[in-house]
Amino acid sequence: MKKLRIVVERNVPFLEVLDTVADVVRLPYTEITADAVRDADALVVRTRNRCDASLLACSNVQFIATATIGTDHIDLPWCAAHGIEAVNAPGCNAPAVAQYVFSSLMRVINRPISSYTIGIVGVGHVGSIVERWARGLSMRVLLCDPPRQQAEGGDRWVSLDDIAAKADIITFHTPLTREGACATYHMAGEAFFNSLRRAPVIINSARGPIVDNSVWADALEAGVCGPAIVDCWENEPQINQHLLAQASIATPHIAGYSIEGKRRASQMSLDALCRHFGLPALHIAGELPPAPARAITAATALEGYDPLVDTAALKADPASFESLRNNYRLRPEIPEAEER
C-alpha cells in the first residue's frame, strides 16, 4: 500500500511521529505552492498559507489541518465542495493568549487592576479564560458576543457601543468574518473609535483586520484611546508603521506561542488526520499539557512573560516581523495561582 504523502509547514512542531506512517515533506510556508502540493494527500499548515483553488485545484489533497485556532486562511466552502476536509485546532493556544493579555496589561496600567472595567469582545475559548481570570482579579467585566447572545439569550451581554462607553480596557477575541450581520472585519473602525468615552487600553490579539489599523493609529495620535497592545496586524508582515510607533506593546503575532499551545495544536492535527485516513492513533512525545489555570494573580502574570522584550525587538527592526515570529522561543503558560 502506497504511503501517504503529507506536506507540513516546517514551523509546526512535535510532528516527528508522522514519519512512521507517511512520506513527510517539511517546507517553509513560502515554498508550499501548487507544484509542491500536487502529489500530496494532506497538508498541515499555519495561518500564512492561503488554502484555496489556486493552491489546491490541481492537487490530490483531501485533508488539511491548520495547527491554529483561526480558519480565515482556508476557503472552507471551496474545500467542502471539492471533498477536502479542513480542520483547525480550536482552543489550542487560548491560555497563552489570555496570558499575553494580562501580562501586557500589568505593564501598561497605572492603578490596581481590580479598579478597572474590562470589555471582552468575543467570549469563546480565549475570551472565556480572560473573563474567568478577570473576575478572579475582582475586575468589573462586560461581555459582548452577538452570536452567543442570539443563540443563548439572557441578560449577561452588552453591545459594542456599551463597551465603548463604559470600559477602561477593551480586548478583542473574535474570529475574522467578512460577511453577515455579525461580521467582524473592521468592527473597530471609525465609528467605534469615535464612540469611545474613557480613553481605554485596547488589545488586539485575535485577528489583525478586526481593528482598522490606520484609524487606530490616528485615534492614538489624537488621544482618543489609551495604550495600544497589538499582536495581530493588518497586512502582516508589512505592518502599519504609524501604529507600530505609537503602540505601547507591539509584538509579531506571537500571543499564542506557548510550548503547551503548540503541543495541543499538533496533537489535535494528528488526531484529525488519523481519523480521516483511518490510521491508528498517533501521539506526540510526552504528556499533553493540563487545562488552563483556574485563576491568576498579578504576580504570576508579571512573572510569566514580559512582552516588552518582544516589543523592543520588533520596534528595533520592523522588517524582521516574520523572522521574529518563525524563530520565536516558545514560552511556558501561566501557572496555577496558589491558594490564598
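Placed above this text is the structure.
Novice: Where do I start with the overall build of the protein chain in this structure?
Specialist: Counting secondary structure elements, the protein chain contains 14 helices and eleven strands. At 20 Å, the protein chain has a C-alpha radius of gyration in line with the 20 Å of a compact globule built from 340 residues. For the protein chain, the spread of C-alpha atoms along the three principal axes comes to 65 × 45 × 45 Å. Relative to its 340 residues, the protein chain shows a buried fraction of 55%. If you take every contact in the protein chain between residues at least 6 apart in sequence, the share linking residues at least 24 apart comes to 63%. Per element, the accessible surface of the protein chain, about 14,800 Å² overall, is 51% carbon and sulfur.

Novice: What is the right way to read the pattern of salt bridges from this model?
Specialist: Note that side chains of opposite charge can pair when their charged atoms are close. The full count for this structure, using the stated rule, is 14 salt bridges. Between Arg48 and Glu236 there is a salt bridge; the shortest N-O distance is 2.9 Å. Taken together, the positions of Arg48 in the loop between β3 (42-45) and α2 (53-56) and Glu236 in the loop between β10 (228-230) and α10 (241-246) put the pair 188 residues apart, joining distant regions of the chain. With a shortest N-O distance of 2.8 Å, Glu322 and Arg48 are connected by a salt bridge. In this pair, Glu322 sits in helix α14 (residues 321-326) while Arg48 sits in the loop between β3 and α2, placing the two residues 274 residues apart along the sequence. Judged on exposure class, the residue Glu322 and its partner Arg48 are both buried.

Novice: So what exactly am I meant to see when it comes to the packing of aromatic side chains here?
Specialist: How two aromatic rings sit relative to each other is set out by the distance from centre to centre and by the angle between their planes. Taken as a whole and assessed by the stated rule, the structure comprises six aromatic pairs. Between the aromatic rings of Phe172 and Phe192, the centroid separation amounts to 5.9 Å while the plane-to-plane angle is 70 degrees, which identifies the pairing as edge-to-face. Taken together, the positions of Phe172 in strand β8 (residues 169-172) and Phe192 in helix α8 (residues 190-194) put the pair 20 residues apart, joining distant regions of the chain. For Phe192, a relative accessible area of 5% corresponds to the buried category. Counting every residue linked through ring pairs, the aromatic cluster contains Phe172, Phe192 and Phe193. In this arrangement the basic side chain of Arg156 is found over the ring face of Trp157, its NZ or CZ atom lying 4.7 Å from the centre. The ring centre of Tyr257 lies 3.8 Å from the NZ or CZ of Lys262, which sits over that ring.

Novice: Would you explain the sheet that holds strand β1 (residues 4-9) in this entry?
Specialist: Overall, parallel pairing links the five strands, which are arranged β2-β1-β3-β4-β5 in an open sheet. The sheet is open, and its two edges are formed by β2 (22-27) and β5 (85-87), each paired on a single side. Going across the sheet, the axis of each strand differs from the next one's by a mean of 15 degrees, ignoring polarity. Bridge count for β1 against β3 is three bridges, and the pairing is parallel. Of the residues in β3, the one forming a bridge with Val8 is Val44. Helix-sheet contacts for helix α11 (residues 259-277) involve β1, β3, β4 (63-66) and β5, and the interaxial angle to β4 is about 170 degrees.

Novice: Is there a simple way to think about the sheet that holds β10 in this case?
Specialist: Pairing between the strands of a sheet is mediated by backbone hydrogen bonds and can be parallel or antiparallel. Pairing within the open sheet is parallel, and its six strands lie in the order β7-β6-β8-β9-β10-β11. Both outer strands of the open sheet, β7 (140-144) and β11 (249-250), are each paired with one neighbouring strand and no more. The sheet contact formed by strand β6 (residues 117-121) and β8 spans four bridges and is parallel. Within the sheet, the bridge partner assigned to Val121 lies in β8 and is Phe172.

Novice: Is there a simple way to explain the nonpolar core in this structure?
Specialist: The tendency in soluble globular proteins is for nonpolar side chains to be buried side by side. Residues Phe102, Leu105, Ile118, Trp133, Met139, Ile169 and Ile229 are the most contacted members of the largest nonpolar core, which totals 39 residues. At the level of elements, α4 (94-108), β6, α5 (125-136), β7 and β9 (201-204) are the ones that each hand at least two residues to this core. Among the elements that make up this core, the one with the highest residue count is α4 (nine residues). Ile118 has contacts with Val130, Ala134, Met139, Arg140, Val141, Leu142, Ala167, Ile169 and Thr171, leaving out every residue within four places of it along the chain. Counting 35 residues, the second-largest nonpolar core is a separate cluster that includes Ala164, Ala167, Val211 and Phe321.

Novice: I tried to follow the environment of Ser195 on my own but got confused; where do I start?
Specialist: Mapped onto the elements, Ser195 comes out in the loop between α8 and β9. Sequence separation of Ser195 and Val123 is 72 residues, and the distance between their C-alpha atoms is 22 Å. Sequence-distant contacts of Ser195, that is, excluding residues within four places in its chain, are made with Ala164 and Ala165. Polar contacts involving the side chain of Ser195 include one to the main-chain carbonyl oxygen of Phe192, which spans 2.7 Å.

Novice: Honestly, the pairing of β9 in this entry has me stumped. Any pointers?
Specialist: Side-chain positions along a regular strand alternate between the two faces of the sheet. Residue alternation in β9 divides its side chains into two sets, Val201 and Ile203 and Ile202 and Asn204, and both sets are buried. In the sheet, β8 pairs with β9 via four bridges, with the strands oriented parallel. Across the sheet, Ile170 pairs through a bridge with Ile202, a residue of β9. Both β9 and β10 contribute to a ladder of three bridges, which runs parallel. Bridged to Ile203 within β10 is Ile229. In the classification by handedness, the crossover that spans β9, the intervening helix α9 (residues 213-222) and the parallel β10 is right-handed.

Cut-offs and rules
Residues numbered from 1 in each chain as written. Predicted model: local features only at pLDDT ≥ 70, side-chain atom pairs only at ≥ 80, totals over all residues. Heavy atoms only, no water. Helix = DSSP H or I, 4+ residues; strand = E, 2+ residues; numbered from the N terminus. Rg over C-alpha atoms; globule rule 2.2 N^0.38 Å. Buried < 20%, exposed > 50% of the residue type's maximum accessible area, 1.4 Å probe, protein only. Contact = heavy atoms within 4.5 Å. Areas by Shrake-Rupley, 256 points an atom, 1.4 Å probe, with all protein chains shown as cover. Salt bridge = Lys/Arg side-chain N within 4 Å of Asp/Glu carboxyl O. Phe/Tyr/Trp six-rings, centres within 6.5 Å; stacked < 30°, edge-to-face > 60°. Lys NZ or Arg CZ within 6 Å of the ring centre and 35° of its normal. Pairing = 2+ DSSP bridges. Axes fitted to C-alpha atoms, helices over the stretch in contact; angles between N-to-C directions. Core = buried A, V, L, I, M, F, W, Y, C linked by side-chain atoms within 4.5 Å. Polar contact = N/O pair within 3.5 Å; in protein donor to acceptor, adjacent residues only side chain to side chain. Right-handed = clockwise from strand over helix to strand, strands pointing away.

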